[in-house]
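Coordinate analysis (summary)
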Amino acid sequence: MLRSNHRWLWPLFGSLLAVLVVSTLFRVVKAGAEARLRALSATELEARLRATPENSALRYALGQAYARANRHNDAAREFIAVLKREPARPDVLNDLGASYLLQERFYEALVALQAAVIAQPDYALAHANLGRLHLATEMPFTAVQDLERAHRQQPRNISISYDLGEAYQQTLNFRSAERAYLQALRLDPTYTPARVGLGRVLFSLTRYDEASRQLELALQADPRNASALLALARVRMEQNNTHDGWEDALTLLVKAAEADSQMPEVHYELGRVSLRRGDAGAAIEYLKKALLLSPDHPGAMQQMGRALRLAGRTADARRLEAQLRHEALRSREEARLEERVHQFPEDWEAKAELCSLYLETGKTGLAALLLRELEQGAPALRQLPSLQTSLRQQLGSRKRSPLPTPAQASNGGPH
């Protein structure tokens, strides 16, 4: 009886199965076509595109090829061309946002990535890139929210687990950072960045022997890893606060500086070790390099004051100490304004003051994000033109590309 009453369902099941097979086949064919395009060089894609300039698939593949070659401005141009025809494609919006992020064009990256998650709210890679954007612009608590959401959607993505560990570490949530790094290493025990991150967080938890073991493993895999060398030097200074311990740290720091001369923390630590050894001249030179790379590094400025006094340059030390006091006052004012705009998001005057402070201290990424809020929420604000001019001067005269806003992307976008 049951069988005869439901006999009418069998044609429907057959139709559904046919649709499923066709849909699956379409995805397989599409994935294969995309893989074949990815295998082509930028030169080959350019030649094909000249013959069929309206082919969005070719143009998107060319943008990805440019991105792989670190030609991010060219990549952005191709992604925008695709979006003019297909304005709500989350994958293209995500890749555009990533290209802008790698160029430190932060507010453009924000708009593109927000558009991607509006087009596809469960898009893990776009949420992860938003987290990376917020890490780059010194907003680690917001980054944690973005990366936690991405991690829930893709718990087996190694880079998302690692970046979540970085965000937790910046918010001083060391236990959660340890779990995130361990998750990344369970997925891939050879993933050296997670091994270094784990070593750093174990150092912060004062578990020095464990930290040393993880960092040594990282250096076995990558002997010139500057971050691992720096972190292990710090562990050695804590494990053995004697002449031998600091000499061991000095050897590691010199190797780190040779591996990456652009890390301010390496030069800062070399300055500290030189001071410990009583070598004021060497300390001053190392700390100069640290401050050249990171002008508002408070630790380097304090150590420089000590080095100048040790070298007998008392007047220079006093001037630097006066500058430090000024920096401390500015830092407190910055913290006060950040709290104010957090509590009162529509206090545009406070936001303008904070934007101005960010520009003074060279935090152009944060300034750009805040300026965008001001442009959208208070376009008639009297301070806006001068803030826009200051930001343009800091960013230079590089050309900006047009970009669909999130609202445009969700409603059909520009044509």
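Refer to the preceding data block for the structure.
Basis of the calculations
- Residues numbered from 1 in each chain as written.
- Predicted model: local features only at pLDDT ≥ 70, side-chain atom pairs only at ≥ 80, totals over all residues.
- Heavy atoms only, no water.
- Phe/Tyr/Trp six-rings, centres within 6.5 Å; stacked < 30°, edge-to-face > 60°.
- Buried < 20%, exposed > 50% of the residue type's maximum accessible area, 1.4 Å probe, protein only.
- Helix = DSSP H or I, 4+ residues; strand = E, 2+ residues; numbered from the N terminus.
- Contact = heavy atoms within 4.5 Å.
- Core = buried A, V, L, I, M, F, W, Y, C linked by side-chain atoms within 4.5 Å.
- Expected span 1.5 Å × (residues − 1).
- Axes fitted to C-alpha atoms, helices over the stretch in contact; angles between N-to-C directions.
- Parallel < 35°, antiparallel > 145°, perpendicular 65-115°, else oblique.
- Left-handed = near helix turned anticlockwise from the far one by under 90°.

**Examining the packing of aromatic side chains**
Counted under the stated rule, the structure contains four aromatic pairs. On the basis of an interplanar angle of 45° and a centroid distance of 5.6 Å, the ring pair of Phe 203 and Tyr 208 is categorised as tilted. Classification of Phe 203 by relative accessible area gives partly exposed; the value is 23%. The class for Tyr 208 is partly exposed, based on a relative accessible area of 23%.

**Comments concerning the side chain of Gln 64**
Structurally, the position occupied by Gln 64 is in helix 4 (residues 56-68). Non-local contacts of Gln 64, meaning those with residues more than four positions away in its chain, are made with Arg 38, Phe 79 and Asp 95.

**Some words on the environment of Lys 363**
Counting through the fold element by element, Lys 363 comes out in the loop between helix 20 (348-360) and helix 21 (364-377). Residue class for Lys 363 comes out buried when judged on its relative accessible area of 18%. When the C-alpha positions of Lys 363 and Gln 394 are compared, they lie 9.8 Å apart, and in sequence the two are 31 residues distant. Excluding residues within four positions of it along the chain, Lys 363 makes contact with Glu 138, Asp 296, Glu 334 and Tyr 358.

**Things to note about the nonpolar core**
Within the largest apolar cluster, 47 residues are counted, with the highest numbers of intra-cluster contacts made by Leu 215 and Val 266. For this core, the leading source of residues is helix 14 (residues 226-239), giving nine residues. Excluding anything up to four places from it in sequence, Leu 215 contacts Val 196, Gly 199, Ala 228, Ala 231, Leu 232 and Val 235. Grouped together as the second largest cluster of nonpolar side chains are 35 residues, Ile 80, Val 82, Val 92 and Val 117 included.

**Quick word on helix 18 (residues 298-310)**
Helix length check: helix 18 (13 residues) gives 19 Å between terminal C-alpha atoms against 18 Å at 1.5 Å per residue, within 8%. Within helix 18, the full set of buried residues consists of Gly 299, Ala 300, Met 301, Gln 303, Met 304, Gly 305, Ala 307 and Leu 308. Downstream of helix 18 by a residue or two, Gly 312 has a phi angle that is positive, lying close to 85°.

**Re the packing of helix 10 (residues 158-170) against helix 11 (residues 174-187)**
Two elements in contact, helix 10 and helix 11, have axes separated by 8 Å at closest approach and are oriented at 165°. By the criterion of interaxial angle, the relationship of helix 10 to helix 11 is roughly antiparallel. Handedness of the crossing formed by helix 10 with helix 11: left-handed. Of the residues in helix 11, those in contact with Ile 158, Ser 161, Tyr 162, Leu 164, Gly 165, Glu 166, Tyr 168 and Gln 169 of helix 10 are Phe 174, Ser 176, Ala 177, Ala 180, Tyr 181, Gln 183, Ala 184 and Leu 187.

Scope: geometric values only; no functional claims are made or implied.
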